[in-house]
Structure formats: C-alpha cells, structure tokens
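Structural characterization, general
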Amino acid sequence: MKNKSIITGSILCMIASVSWGAMFPVAHIALQQIDPFYFSFLRYFFVTVMLCALLWVKEGVSAFRLEGRGMALLFFGTMAFTVYNMGVFLGQHLMGEAGTIAASIMEVMMPMISILLLSATTKKLPPTYTIASIAIAMVGAMLVITNGNLAFFILASEQLFPLLLIFTGVVGWVVYSIGGGRFSDWSILRYSTLTCLLGTAVSFVVVAIATLFQWISVPSVDSLMSIKYEMAFMVLLPGFVALLSWNAGIKALTPLNGILFINLVPITTFILMAFQGYEISMFEFYGTLLVIFALIRNNHFQRKQLRYRTGASETKRNKVPSM
C-alpha cells in the first residue's frame, strides 16, 4: 500500500468519524425544536440534491440508470437513509442526553454487529477471539447505557424501546455497508447517490403518511430557522462529506484498517458534550474504553490471522515439489 494512499485514506476516515461523533450532540440540540422524522428527512433531502448534482457533473445522466438493480438499491437505501436515520434520531430524542452517548456507542459497535450479522447469514460461528471481543464490547456498552445503575434493569421498559430503535437503526447502516460489496463495479459516488435518492424518497413517504394521519406535524418556519446552523452542519459534514469520505477512505485503506477510525466517534461526542456542560460519569468513560478496546483487540487478532494465512500461502507457493 503506497504511503500517499495510506495518508489520504486515514485523513478521509478521520474526517468521517469525527463528523459522525459531532453529529449526535448537534442533533440533540436540533431535536428540541423539530420532530426526528422531519429532521431525518430534511437532512438527507439536501444531501440528495448535492449528491445528484455532483454525480450529474462527474458521470453524466447515464449514471442514474438503475440497470436492473432498482430493488436492491431501494432496499439498501431504505436501510441506510430511512431506518438508520429515523431509528437512531428518534431513539436518541426519546432518551434525552443519555441517548446522545448511547447512539455514539452503538456506532462503535457496528463492526461487531456486522460480524454477528454475517455469522447469522452464513450460519458460521465467528472465531473464538471475536466472540470474546463481542462479549467485552457488550459489557462496555451496558456500562454506558445503564451508567452503572442496576435500577436500569428494573425500569428497563422505559428505555428499552428507544434502545431498540437505535440498535435497529445501526443494523440498518450495517446492512447498507455490506450491500455496497454488490456494487463494486460502480463508483462510490454512484452507489451513494442512488441509494440516498431512493432511501430519501422512502423517508418522504413515511413522513407524508405520518403527517396525513396527524401522528406528526409539519415544522413551522420559525422552528426550521431556529436550527438552520445545526441543519447546515448535519447536511454538509456528517451527511455529504462523511458519506463520501468514509467510503473512499475504506477503499483506500481496506475495511480492516479503516474501521479502527470509528473509535473517534465516541471520543468526539464526549468532548463536545463536555463543552455543552454534560458531566460524563466514570461508568460512561470506562464503558467506552472497553468498547474501543474490544474493537482494537479484535482487529489485532484479525491482522495476526491474516498474516498467518498470507505466510502459509507464500510457503505453499514457494515449496519445491519433490522428484
């Protein structure tokens, strides 16, 4: 791997991870003024417009052809831009400040969730070291979510639904990420744009139906103007820039190397929340460290196993056959 590619990929993954880490504290402010469903829809409506314009300029009108893959694009787009956004932000809003940290921790759990999801679909258990890493990450996540308060389990019914929403949203993004492998012959921009376009269309349908049945109300102009800076940030950085930067960074570094940058998400979230006046407890701090440790530990063993397999393959190729 060339040094230039490593540096570029690292910078791109870092930009994406820091942007996503800042996303949750900023969203917490905005969600005090606007419904999570409208917040999610409007955010990616603007991102979609920007992506479509960029794709048109770079690849032309032909890049918007679905080529018989419309249903797959619709499914993966719905998982990422409807299920993820609406699930995570609604769950975060229902939990209050604690939801900001919970959503951030769930983001770091994505690699572990993807391993479990792939194991379920392939019906193959992950390696022992991965199972141990997942267990460590789960303990860390529970420390953060419960904040060390055992009464949480007694009152779990109050927080269980929001947590399930956040978890479901995160699973949606994992499915979207795995689905990108089916479109390796497309550019990152094309896959991102078409899935975002179709997923946002589904979000519009959800918002329209919910509004029609008066489950949610259309935000007022005053409400929208009160979050204009937060929305601008959510659109430009965690939306547009982070989406393209992460996909390009992962391509440059490979998923095994790039995924480690996801550790910057909770670190950024904690720093911003501290500036907002939130007092981070020791349970939240050490729980987050456990989750980060579990991810690094699993990545270390993956690298070790990869080096072993590579070495074994080289030995087999170089072995001279006996006469």
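Residues numbered from 1 in each chain as written. Predicted model: local features only at pLDDT ≥ 70, side-chain atom pairs only at ≥ 80, totals over all residues. Heavy atoms only, no water.

This next bit is on the overall build of the chain. Along the chain, the regular secondary structure elements total 14 helices and zero strands. Over its C-alpha atoms the chain spans a radius of gyration of 21 Å, differing by no more than 12% from the 20 Å that the globule rule assigns to 323 residues. Dimensions of the chain, computed from the C-alpha atoms along their principal axes, are close to 85 × 55 × 35 Å. By the burial criterion, 46% of the 323 residues in the chain qualify as buried. By sequence separation, contacts in the chain at least 24 residues apart represent 87% of the contacts at least 6 residues apart. (Helix = DSSP H or I, 4+ residues; strand = E, 2+ residues; numbered from the N terminus. Rg over C-alpha atoms; globule rule 2.2 N^0.38 Å. Buried < 20%, exposed > 50% of the residue type's maximum accessible area, 1.4 Å probe, protein only. Contact = heavy atoms within 4.5 Å.)

Here the UniProt feature "domain: EamA" (unreviewed entry) sits at residues 8-145. Secondary structure over residues 8-145 splits into 84% helix and 0% strand, and the C-alpha atoms at its two ends are 35 Å apart. (UniProt positions renumbered as here; feature names shortened; annotations may be inferred.)

Okay, the packing of helix H3 (residues 70-95) against helix H4 (residues 97-108) next. Taken N-terminus to C-terminus, the directions of H3 and H4 make an angle of 145°; their axes are 6 Å apart at the nearest point. Seen from H3, the contacting residues are Tyr84, Val88, Gln92 and Met95; seen from H4, they are Glu97, Ala98, Gly99, Thr100, Ala102, Ala103 and Glu107. Broken down by class, the residue content of the contact of H3 with H4 amounts to six nonpolar, three polar and two charged. (Axes fitted to C-alpha atoms, helices over the stretch in contact; angles between N-to-C directions. Nonpolar A, V, L, I, M, F, W, Y, C, P; charged D, E, K, R; others polar.)

Turning to the pattern of salt bridges, a few remarks are in order. All told, the structure shown has two salt bridges when counted by the stated rule. Note that arginine 190 is salt-bridged to glutamate 67, the shortest N-O span being 3.1 Å. Note that arginine 190 is positioned in helix H9 (residues 188-212) and glutamate 67 in the loop between helix H2 (36-59) and H3, a separation of 123 residues in sequence. With relative accessibility at 9%, the residue arginine 190 sits in the buried group. Across the pair aspartate 185 and arginine 69 runs a salt bridge whose closest N-O atoms are separated by 3.1 Å. Of this pair, aspartate 185 sits in the loop between helix H8 (156-179) and H9 while arginine 69 sits in the loop between H2 and H3, placing them 116 residues apart in sequence. Residue aspartate 185 is classed as exposed on the basis of its relative accessible area, which comes to 53%. (Salt bridge = Lys/Arg side-chain N within 4 Å of Asp/Glu carboxyl O.)

Not every positive phi belongs to a glycine, and glutamate 67 is a case in point at roughly 55°. The phi dihedral of glutamine 214 is positive, around 60°, even though this residue is not glycine. Of note, glutamine 214 is situated in the loop between H9 and helix H10 (221-226).

Take the nonpolar core next. Grouped together as the largest cluster of nonpolar side chains are 80 residues, with contacts concentrated most on Trp20, Phe39, Leu51, Phe81, Trp173 and Tyr176. Not counting residues up to four positions away in its chain, the partners in contact with tyrosine 176 are Phe76, Ala80, Phe81, Tyr191, Ser192, Thr195 and Leu243. (Core = buried A, V, L, I, M, F, W, Y, C linked by side-chain atoms within 4.5 Å.)

Here the structure, examined in full by the defined rule, presents 18 aromatic pairs. Between the aromatic rings of phenylalanine 81 and tryptophan 173, the centroid separation amounts to 6.0 Å while the plane-to-plane angle is 80°, which identifies the pairing as edge-to-face. Pair noted here: phenylalanine 81 is in helix H3 and tryptophan 173 is in helix H8, with a separation of 92 residues, a long-range link. Like phenylalanine 81, the residue tryptophan 173 is buried in the burial classification. When the centroid spacing of 5.1 Å and the interplanar angle of 50° are considered together, the rings of tryptophan 173 and tyrosine 176 count as tilted. With tryptophan 173 and tyrosine 176 both in helix H8, this residue pair falls three residues apart, about one helical turn. (Phe/Tyr/Trp six-rings, centres within 6.5 Å; stacked < 30°, edge-to-face > 60°.)

Looking now at the packing of H2 against H9. Packing of H2 against H9 leaves a shortest axis separation of 8 Å and a crossing angle of 150°. As far as their axial angle goes, H9 and H2 are roughly antiparallel. Note that H2 runs across H9; the crossing there is left-handed. Taken together, the residues of the contact of H2 with H9 break down into 16 nonpolar, six polar and three charged. (Parallel < 35°, antiparallel > 145°, perpendicular 65-115°, else oblique. Left-handed = near helix turned anticlockwise from the far one by under 90°.)

With that out of the way, let us pick up the state of the cysteines. One pass over the structure, following the stated rule, counts zero disulfides. Cysteine cysteine 13 remains unbridged, with the sulfur of cysteine 196 as its closest cysteine sulfur at 19 Å. Assessed through its relative accessible area of 0%, cysteine 196 is described here as buried. (Disulfide = S-S within 2.5 Å.)

Spanning 24 residues, H2 covers 33 Å between terminal C-alpha atoms, matching the ideal 34 Å at 1.5 Å per step. Put simply, aspartate 35 is the residue that caps the front of H2, since its side-chain oxygen is 2.7 Å from the backbone nitrogen of phenylalanine 37. Positive phi shows up at glycine 60, right after H2, with a value of about 85°. (Expected span 1.5 Å × (residues − 1). Polar contact = N/O pair within 3.5 Å; in protein donor to acceptor, adjacent residues only side chain to side chain.)

What follows concerns the environment of isoleucine 250. Inspection of the secondary structure assignment puts isoleucine 250 in helix H11 (residues 228-253). In this structure, the C-alpha to C-alpha distance between isoleucine 250 and glycine 9, residues 241 residues apart in sequence, is 6.8 Å. Setting aside residues no more than four positions away along its own chain, isoleucine 250 makes contact with Cys13, Pro255, Gly258 and Ile259.

As a further point, take the side chain of serine 203. Relative to the helices and strands, serine 203 resides in helix H9. Serine 203 sits in the buried class, given a relative accessible area of 1%. Ignoring sequence-local partners within four residues, the contact set of serine 203 consists of Phe41, Phe81, Thr82 and Met86.

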